[in-house]
Amino acid sequence: MENMPRNRNLKTTALYFTFAGLGFCAPVLGLSIVHMEYILNSNTHILAFAFTSHSIGYTIGGIICGIIYDHANKEFLFSLSVMTEASMIIVSGFCGHIVAFLVSMSLVGVAMGFIDTAAPKEHKHPSMKTKSKRQRERLLLLVFLFMLFMFYYLYIYIEGIPIAYFTAFVIKYLNWSVHHSTLVMVVFYGMHCLGRIIGIPLSMVLRPRTMVIMNLVLTSIAYFLLLFVHAFDWVIWISAVLSGYGMSSTFAAMVLWVSEIVPLTGRVAAVLLVGGSFGGMTGPLLVGQLFEAVSPMWMVYILCVASMLHIALFAILFIFVGKQKKFLSENFSSKQHEEINLNDISNQDI
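The structure presented is a predicted model; accordingly, all values stated were derived computationally and were not measured. (Residues numbered from 1 in each chain as written. Predicted model: local features only at pLDDT ≥ 70, side-chain atom pairs only at ≥ 80, totals over all residues. Heavy atoms only, no water.)

A. Here's a closer look at the overall build of the protein. Secondary structure summary: the protein contains 14 helices and 0 strands in total. The secondary structure elements of the protein, listed N-terminal to C-terminal, are α-α-α-α-α-α-α-α-α-α-α-α-α-α. When burial is assessed residue by residue, the protein has 47% of its 350 residues classed as buried. The long-range fraction of contacts in the protein, counting pairs at least 24 apart against all pairs at least 6 apart in sequence, stands at 83%. Taken as a whole, the protein presents about 17900 Å² of accessible surface, with 69% of it coming from carbon and sulfur. (Helix = DSSP H or I, 4+ residues; strand = E, 2+ residues; numbered from the N terminus. Buried < 20%, exposed > 50% of the residue type's maximum accessible area, 1.4 Å probe, protein only. Contact = heavy atoms within 4.5 Å. Areas by Shrake-Rupley, 256 points an atom, 1.4 Å probe, with all protein chains shown as cover.)

See the structure below:
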């Protein structure tokens, strides 16, 4: 019994260092994409598939983890996932062929999917509601989940594309040195970190939806400023500050807002995960095909469109929740939500 506090402290310390290491691993692909072009004798058009393979692996890892999570040793699963991610990132640096590099990135994605995913158990209870009422509930739930899916799909555009291509954009479009491009990313990630730290006490004062709105506005301003980067290259610094801070707490604040509306079950969490994964598959790939074939400014154009769609979608979602507030509170509260078996969505026709 005397060793329990010591073991707990040791485990907590290990987790802090582990997540610090994961923070170092997360931006590696975006920061090194220009260098990997030379190492692999490739170009941005081809290396864009690395982000897609990473997202495909992330989706597969999340699905597999969701299936086995409750039946496996959690600490072993987490440790194995972290070691796999770290080892595959190291291996990727020694890959001499693009196919080997894509495979290593997909395995990194699988490991990250395991790390990020948890699947709580759902309890099944018989429903006493009429068939027509159940059909209406399932339809409204599907609409709600689809909008959540699209929100996180666009969120990965907003977050993933700058992480993937800011370095390449600064070097290839602004013709800045690698040193200056690195400083831009330092500012970006520094504000990202600061935003998450500030977000903790801020969440005690502001409601989650308010934080989401603030973040959406900040990121939109950041990306629209980049439309003037050709004439005023210094706006890249302002954009890095605003976008880094703006996206820092969006994911967490949105999860908190969703949890106020419906219980955050494994299936709801899976919708968020898969939406983000599909965004990671398509966003960086789309930019990669246009980055060199047309112009690096297409990164900016896509970010501006995505940020506007992001705001519009959240407005629609907010209105939908407002109009269905009574329905949601009555049918999807943590106590009554168990009556609505989400398995009916796949087992019965709407």
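B. How the structure looks around the packing of helix α7 (residues 178-202) against helix α9 (residues 235-246). The contact between α7 and α9 brings their axes to 7 Å, and the two run at 30 degrees. Relative to α9, the crossing made by α7 is right-handed. Across the interface between the two elements, H180, L183, V184, V187, F188, M191, H192, G195, I198 and L202 from α7 touch I236, W237, A240, V241, S243, G244 and Y245 from α9. A per-class count over the contact of α7 with α9 returns 12 nonpolar, 5 polar and no charged. (Axes fitted to C-alpha atoms, helices over the stretch in contact; angles between N-to-C directions. Left-handed = near helix turned anticlockwise from the far one by under 90°. Nonpolar A, V, L, I, M, F, W, Y, C, P; charged D, E, K, R; others polar.)

C. Broad picture of the packing of aromatic side chains. Counted under the stated rule, the structure contains 18 aromatic pairs. Here the aromatic cluster, defined as three or more aromatic residues joined through ring pairs, consists of F151, Y152, Y155, F251, W257, F314 and F318. (Phe/Tyr/Trp six-rings, centres within 6.5 Å; stacked < 30°, edge-to-face > 60°.)

D. Spotlight on unusual backbone geometry. Not every positive phi belongs to a glycine, and N175 is a case in point at roughly 60 degrees. For N175, the position within the fold is in the loop between α6 (131-172) and α7. Given a relative accessible area of 64%, N175 falls into the exposed group.

E. Layout of the nonpolar core. F144, L148, Y165, I236, M254 and M299 are the most contacted members of the largest nonpolar core, which totals 66 residues. Counting residues per element, the ones that place at least two in this core are α3 (44-68), α6, α7, α8 (208-225), α9, α10 (250-261), α11 (266-291) and α12 (297-323). Among the elements that take part in this core, α6 stands out by supplying 23 residues, more than any other. Excluding residues within four positions of it along the chain, L148 makes contact with M254, V258, V271, L272 and L317. In terms of nonpolar packing, the next biggest core, distinct from the first, is built from 14 residues, M36, I89, I98 and V108 among them. (Core = buried A, V, L, I, M, F, W, Y, C linked by side-chain atoms within 4.5 Å.)

F. Here's a closer look at the pattern of salt bridges. Overall, the coordinates contain 1 salt bridge when judged by the stated rule. Between K172 and E292 there is a salt bridge; the shortest N-O distance is 2.5 Å. Of this pair, K172 sits in helix α6 while E292 is found in the loop between α11 and α12, placing the two residues 120 residues apart along the sequence. Relative accessible area serves as the criterion here: at 27%, K172 is assigned to the partly exposed category. (Salt bridge = Lys/Arg side-chain N within 4 Å of Asp/Glu carboxyl O.)

G. Local environment of the confidence of the model for the protein. For the protein, the average pLDDT comes to 79, and 79% of its residues sit at 70 or higher. Confidence over residues 118-128 falls short of pLDDT 50; this stretch has 21 contacts with residues more than four positions distant or in other chains. In this model, residues 334-350 is a region of pLDDT below 50 whose contacts with residues beyond four sequence positions or in other chains number 33 contacts. (pLDDT = per-residue confidence, 0-100.)

H. Highlighting a nonpolar patch on the surface. There is a patch of nonpolar side chains on the surface, built from F224, L227, F228, F232, W234, I238, V294, W298, Y301, M308 and I311 and spanning about 990 Å² of accessible area. The dominant element in the nonpolar patch, judged by the number of residues it contributes, is α12, at 4 residues. Residue position: Y301 is located in helix α12. On the basis of relative accessibility, which here comes to 35%, the residue Y301 falls in the partly exposed class. (Patch = residues over 30% accessible without salt bridge, like charges linked within 9 Å, V, L, I, M, F, W, Y side chains within 5 Å.)

I. How the structure looks around the packing of α8 against α10. The N-to-C vectors of α8 and α10 enclose an angle of 145 degrees; their axes lie 8 Å apart at closest approach. The handedness of the crossing between α8 and α10 comes out as left-handed. Residues P208, R209, M211, V212 and N215 of α8 form the contact with α10, whose own contacting residues are T250, A253, M254, L256, W257 and E260. Residues of the contact of α8 with α10, tallied by class, amount to 7 nonpolar, 2 polar and 2 charged.

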